[in-house]
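In case you want the letters, here they are:
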Amino acid sequence: MEEIMQKVYILIYEACQDINKSQDISSKIVGLPEKSFDDILAILQNEGFNNIGSKILAKEVLTLFK
């Protein structure tokens, strides 16, 4: 799980370039009991990612859990 956490963090960091925000968002995503596209998308959008960017990023993050 730690390896997935690092990969999620890297994807988020590449998108926002903010260490603290990346750690916070990746922790929220990894902590989800069920990793669904909608749940990941909601977290990203609540953290200020735009509509198109959050959908692309949510798809990439979701593939890490499959």
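Because the structure is predicted, anything quoted here is derived from the model rather than measured. (Residues numbered from 1 in each chain as written. Predicted model: local features only at pLDDT ≥ 70, side-chain atom pairs only at ≥ 80, totals over all residues. Heavy atoms only, no water.)

Draft legend 1. Representation of the overall build of the chain. The helix and strand inventory of the chain stands at four helices and zero strands. If you list the helices and strands of the chain from N to C, you get α-α-α-α. Against the 2.2 N^0.38 benchmark of 11 Å for 66 residues, the chain shows a C-alpha radius of gyration of 10 Å, consistent with a compact globule. A principal-axis box enclosing the C-alpha atoms of the chain has dimensions of 25 × 25 × 15 Å. When contacts within the chain are restricted to residue pairs at least 6 apart in sequence, long-range pairs at least 24 apart make up 40% of them. Split by element, the accessible area of the chain, about 4,200 Å² in all, is 52% carbon and sulfur. For the chain, the separation between the mean place of its 7 positive charges and that of its 10 negative charges on side chains is 5 Å. (Helix = DSSP H or I, 4+ residues; strand = E, 2+ residues; numbered from the N terminus. Rg over C-alpha atoms; globule rule 2.2 N^0.38 Å. Contact = heavy atoms within 4.5 Å. Areas by Shrake-Rupley, 256 points an atom, 1.4 Å probe, with all protein chains shown as cover. Lys, Arg positive; Asp, Glu negative; His and termini not counted. Charge placed at Lys NZ, Arg CZ, Asp CG, Glu CD.)

Draft legend 2. Broad picture of the nonpolar core. I12, I29, I40, L44 and V61 are the most contacted members of the largest nonpolar core, which totals 17 residues. Mapped onto this core, the elements with two or more residues apiece are α1 (2-16), α2 (19-30), α3 (37-46) and α4 (51-64). With residues near it in sequence (within four places) discarded, I29 still touches V8, I12, K35, I40, I43, L44, V61 and F65. (Core = buried A, V, L, I, M, F, W, Y, C linked by side-chain atoms within 4.5 Å. Buried < 20%, exposed > 50% of the residue type's maximum accessible area, 1.4 Å probe, protein only.)

Draft legend 3. Layout of unusual backbone geometry. The phi dihedral of Q17 falls on the positive side, at around 55 degrees, and the residue is not glycine. With respect to the secondary-structure elements, Q17 resides in the loop between α1 and α2. The exposure class of Q17 is exposed, given its relative accessible area of 53%.

Draft legend 4. Representation of the pattern of salt bridges. Tallied over the entire structure, the rule returns three salt bridges. As a salt-bridge pair, K7 and E3 come within 3.2 Å of each other at their nearest N and O atoms. With K7 and E3 both in helix α1, this residue pair falls four residues apart, about one helical turn. Residue classification places E3 among the exposed residues on the basis of a relative accessible area of 52%. K28 is the partner of E47 in a salt bridge, and the nearest nitrogen-oxygen pair spans 2.6 Å. With E47 in the loop between α3 and α4 and K28 in helix α2, this residue pair connects regions lying 19 residues apart in the sequence. For K28, a relative accessible area of 37% corresponds to the partly exposed category. When salt bridges with common partners are traced through the structure, they connect D24, K28 and E47 into a single cluster. (Salt bridge = Lys/Arg side-chain N within 4 Å of Asp/Glu carboxyl O.)

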